[in-house]
Amino acid sequence: RIVFEVGAKLALATALALPLLWRVVAGGVAAQPPRSPRRGAAERSGPPSSVKSREVVEASFEEEPLGAALLRFARTPAFWALLAARSALMVVSAFIAFVPLLVSSAFVSSARGGGGVVGAEVSSRAASLMGFGGMLATSAGAACYGRYLDEAGKRRAVLACSTASTAAALALLAHCAPGPPFSAHAPWATGFTLGPNSAALALSLLGLGFGSALPFYVPANVLTLQLAQDARHTASLSNLLDAAGFAALVPFEVLAGTNGAAAVAALERQNPALWKLGGPAATRAAQEAAGCWTQALAALAAACALSGVAMTAAMRLATQRPEVTQSRQRAA
């Protein structure tokens, strides 16, 4: 909690300090003597009207101070949608730190005739699956996203990623929830409860990684550039979004940390000599520990769903802004 509180304050301080640094740099550039222009055919004929209009728009935004930019952000619905989506995605991405603790406390190994509670080696490998899903999203997924999809297709892709991550979080919740509407011991979960290397767990962690990484690293950054409309305000907007994300991480980290501590305490209440050997004792210990994770996993599923809805709304609202519509009309 202390780390993320400090991170939020540093991000906010950086957002406020960047305009001052920009003034210093811009003042130094303005003090340089202007270069003598070279007359040529292109200069005599003059730039096209579309170039002139774009230069006028860019010049107007260069004169925009930070206060006016913040006011413009606050009046833009796409900014608030992006703020909610990016904060939720930061919550989902931060869950990777709790995956080893979740797997080692809520799953029972099926190795060696019943095994026991999952060890550190297997739980660490399980956590790497979420990172591998993120790597696939930022490599192959990002390439397909930018090359083959139009605006509507990109929104559908973001919604599909959110659906995949939400389904993965609900699958983990179904494993840990002790009663309706989900059950940790339902017939469909056979092998998922007793097999830490099962396909259900692997697909859940891959889905969390892939479904959260693609919207976080690709459309969120594109929307930030579109909303800022100015080089100096791009960094300020990014830091504001980071500050909101770190602020959202504080309560989630407290909740997940509390659930993880309760799961470890539930394991310690059992006889370690029994549940390490596997069998019914190990199953009962994992069942009690798994039930401690329901609140954090429910919050994770809510964050996954919120990220998809908010990001899709931000993408739609960003394309409906007047300056974007006018730019497309001029290009047509």
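For the structure itself, consult the block above.
Just so we're clear, the structure is a prediction, and the values are computed from it rather than from any experiment.

Observations concerning helix α5 (residues 77–94)
- Along its 18 residues, α5 runs 26 Å from first to last C-alpha, staying within 8% of the 26 Å computed at 1.5 Å per residue.
- In terms of burial, α5 is largely enclosed, as 14 of its 18 residues are buried.

Thoughts on the pattern of salt bridges
- Applying the stated criterion across every chain yields a total of one salt bridge.
- A salt bridge links aspartate 242 to arginine 86, with the shortest nitrogen-to-oxygen separation between them at 2.5 Å. Of this pair, aspartate 242 sits in helix α11 (residues 231–269) while arginine 86 is found in helix α5, placing the two residues 156 residues apart along the sequence.

A look at the nonpolar core
- Among the nonpolar cores identified, the biggest contains 69 residues, and Phe95, Leu208, Trp293, Leu297 and Met311 are the most heavily contacted of them.
- If you tally residues by element for this core, the top one is α5, at twelve residues.
- The residues touching leucine 208, leaving out its near neighbours within four places in the chain, are Val92, Phe95, Met130, Ser165, Ala168, Ala169, Leu172, Leu300 and Cys304.

Description of the packing of α5 against helix α10 (residues 219–228)
- It is the contact of α5 with α10, at a shortest axis distance of 11 Å, that shows an interaxial angle of 150 degrees. Taken together, the axis directions place α5 and α10 in an arrangement best described as roughly antiparallel. Regarding α5 and α10, the two cross each other, and that crossing is left-handed. The segment α5 lies against α10, with Ala78, Phe79 and Leu82 engaging Ala220, Leu223, Thr224 and Leu227.
- Broken down by class, the residue content of the contact of α5 with α10 amounts to six nonpolar, one polar and no charged.

The rules behind each value
- Residues numbered from 1 in each chain as written.
- Predicted model: local features only at pLDDT ≥ 70, side-chain atom pairs only at ≥ 80, totals over all residues.
- Heavy atoms only, no water.
- Helix = DSSP H or I, 4+ residues; strand = E, 2+ residues; numbered from the N terminus.
- Expected span 1.5 Å × (residues − 1).
- Buried < 20%, exposed > 50% of the residue type's maximum accessible area, 1.4 Å probe, protein only.
- Salt bridge = Lys/Arg side-chain N within 4 Å of Asp/Glu carboxyl O.
- Core = buried A, V, L, I, M, F, W, Y, C linked by side-chain atoms within 4.5 Å.
- Contact = heavy atoms within 4.5 Å.
- Axes fitted to C-alpha atoms, helices over the stretch in contact; angles between N-to-C directions.
- Parallel < 35°, antiparallel > 145°, perpendicular 65-115°, else oblique.
- Left-handed = near helix turned anticlockwise from the far one by under 90°.
- Nonpolar A, V, L, I, M, F, W, Y, C, P; charged D, E, K, R; others polar.

Bear in mind that shape data such as this cannot, by itself, settle questions of function.
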